Amino acid sequence: MTQIAGVILAGGQATRMGRQDKGMMRLGGAPLIERVIARLSPQCAALAISANGDLTRFADFGYPVFSDGSIEPQGPLAGVLAGLDWAARMGFEAIVTVATDTPFFPTDLVTRLHAGSSPQGFGMAVTEAEGRRFWHPTFALWPVALRDELREALRHDQRRMRQFAESKGVVPVVFETSPSFDPFFNINTREDLARAEAMLTS
């Protein structure tokens, strides 16, 4: 995966967690973002963090940290654009994004998103249950070539990740789940954090 970089989206507002910094919340004694880094870094040629606020709080992790450049929160698509601009400067063809509050995502995420992509479309993670399809738009492979179109979409206040992705030919890449484990389980509440602790020990 020498042509693909990883970008951790750590700029969420965490409104259901009292606006605490999710990335620095501890799971099993370690910050959430540390667990995400450990899971993603072996899958990518390089890694960076897209965040808001005081960027120095992530400096000790040893990876580039950049802001999405927006004064008002524009959602994760702004973080994707910041990641694409960074990747372009670094000479990468694509990035895979992950969310900082989802610590159990697949260890073969990048490989499978890359395999599911094509010149006509790029891969985005989905799961299926009870005949329904669930999209996980923060887990996707984004070609650097999309960055100018994404910049224009944000300029016109288009902030929905899936809507933008579908307009650019996104390809759903199915990942397996089980009744007891969803690899894209994300932590939004204190109850979710307690559930994640139980998942970690089991």
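Before any of the text, the structure's been laid out above.
Just so we're clear, the structure is a prediction, and the values are computed from it rather than from any experiment. (Residues numbered from 1 in each chain as written. Predicted model: local features only at pLDDT ≥ 70, side-chain atom pairs only at ≥ 80, totals over all residues. Heavy atoms only, no water.)

Caption draft 1: View of the overall build of the protein chain. In terms of regular secondary structure, the protein chain is built from six helices and nine strands. A compact globule built from 202 residues should have a C-alpha radius of gyration of about 17 Å, and the protein chain, at 16 Å, falls within 12% of that. For the protein chain, the C-alpha atoms occupy an extent of roughly 40 × 40 × 30 Å along the three principal directions. A total of 202 residues make up the protein chain; the buried ones form 47% of that total. In the protein chain, 71% of the contacts between residues at least 6 apart in sequence involve partners at least 24 apart. If you sum the accessible surface of the protein chain, you get close to 9,800 Å²; carbon and sulfur atoms cover 50% of it. Charge separation in the protein chain, taken as the distance between the mean sites of 20 positive and 22 negative side-chain charges, equals 2 Å. (Helix = DSSP H or I, 4+ residues; strand = E, 2+ residues; numbered from the N terminus. Rg over C-alpha atoms; globule rule 2.2 N^0.38 Å. Buried < 20%, exposed > 50% of the residue type's maximum accessible area, 1.4 Å probe, protein only. Contact = heavy atoms within 4.5 Å. Areas by Shrake-Rupley, 256 points an atom, 1.4 Å probe, with all protein chains shown as cover. Lys, Arg positive; Asp, Glu negative; His and termini not counted. Charge placed at Lys NZ, Arg CZ, Asp CG, Glu CD.)

Caption draft 2: The arrangement of the pattern of salt bridges in detail. Inspection of every chain in the model, using the stated rule, returns twelve salt bridges. Residues Lys-168 and Glu-149 are paired through a salt bridge, measuring 2.8 Å at the closest nitrogen-oxygen approach. Of the two residues, Lys-168 is situated in the loop between α5 (161–167) and β9 (171–174) and Glu-149 in helix α4 (residues 147–155); the sequence distance between them amounts to 19 residues. Take Lys-168: its relative accessible area is 27%, and that puts it in the partly exposed class. Overall, Glu-149 belongs to the partly exposed group, its relative accessible area being 37%. With its nearest N and O atoms 2.9 Å apart, the salt bridge here joins Arg-159 to Asp-157. (Salt bridge = Lys/Arg side-chain N within 4 Å of Asp/Glu carboxyl O.)

Caption draft 3: The arrangement of the pairing of strand β4 (residues 47–51) in detail. Across the five residues of β4, five count as buried, placing the element largely inside the fold. Side chains Leu-47, Ile-49 and Ala-51 of β4 all project onto a buried face; the interleaved residues Ala-48 and Ser-50 project onto the opposite face, where all are buried too. As paired strands, strand β1 (residues 4–10) and β4 are joined by five bridges and run parallel to one another. By the bridge assignment, Ala-10 is partnered in β4 with Ala-51. (Pairing = 2+ DSSP bridges.)

Caption draft 4: View of the nonpolar core. Ile-8, Leu-109 and Trp-142 are the most contacted members of the largest nonpolar core, which has 56 residues in total. Among the elements that make up this core, the one with the highest residue count is helix α2 (residues 76–90) (eight residues). If you look at the next biggest cluster of nonpolar residues, it comprises nine residues, including Met-25, Phe-185, Ile-187 and Ala-196. (Core = buried A, V, L, I, M, F, W, Y, C linked by side-chain atoms within 4.5 Å.)

Caption draft 5: Main features of the sheet that holds β9. Strand order in the open sheet formed by seven strands is β5-β4-β1-β6-β8-β7-β9, and the pairing between neighbours is mixed. Across the chains shown, the open sheet's two edge strands, defined by having one partner strand only, are β5 (65–67) and β9. Taken over all neighbouring pairs, the strand axes of this sheet differ in orientation by 35 degrees on average, direction set aside. Pairing geometry for strand β7 (residues 123–129) and strand β8 (residues 132–143), over six bridges, is antiparallel. Opposite Thr-127, over in β8, you have Phe-134 as the bridge partner. (Axes fitted to C-alpha atoms, helices over the stretch in contact; angles between N-to-C directions.)

Caption draft 6: Spotlight on the pairing of β8. For strand β6 (residues 94–99) and β8, the ladder comprises four bridges, and the chain directions are antiparallel. Each residue of the ladder has a partner; that of Ile-95, found in β8, is Trp-142. Remark: two residues form the turn of the hairpin made by β7 and β8, two consecutive strands paired antiparallel; Glu-130 in that turn has positive phi of roughly 50 degrees.

Caption draft 7: Here's a closer look at α4. The complete set of buried residues in α4 reads Leu-150, Ala-153 and Leu-154. Taken down its axis, α4 places every buried residue within 95 degrees of arc, on the same side. Exposed side chains of α4 directed beyond 90 degrees from the buried face belong to Asp-148 and Arg-155. Contact partners of the buried residues in α4: α2 and α5. (Arc of directions from axis to C-beta.)

Take it as geometry only, folks, not as evidence of what the structure does.
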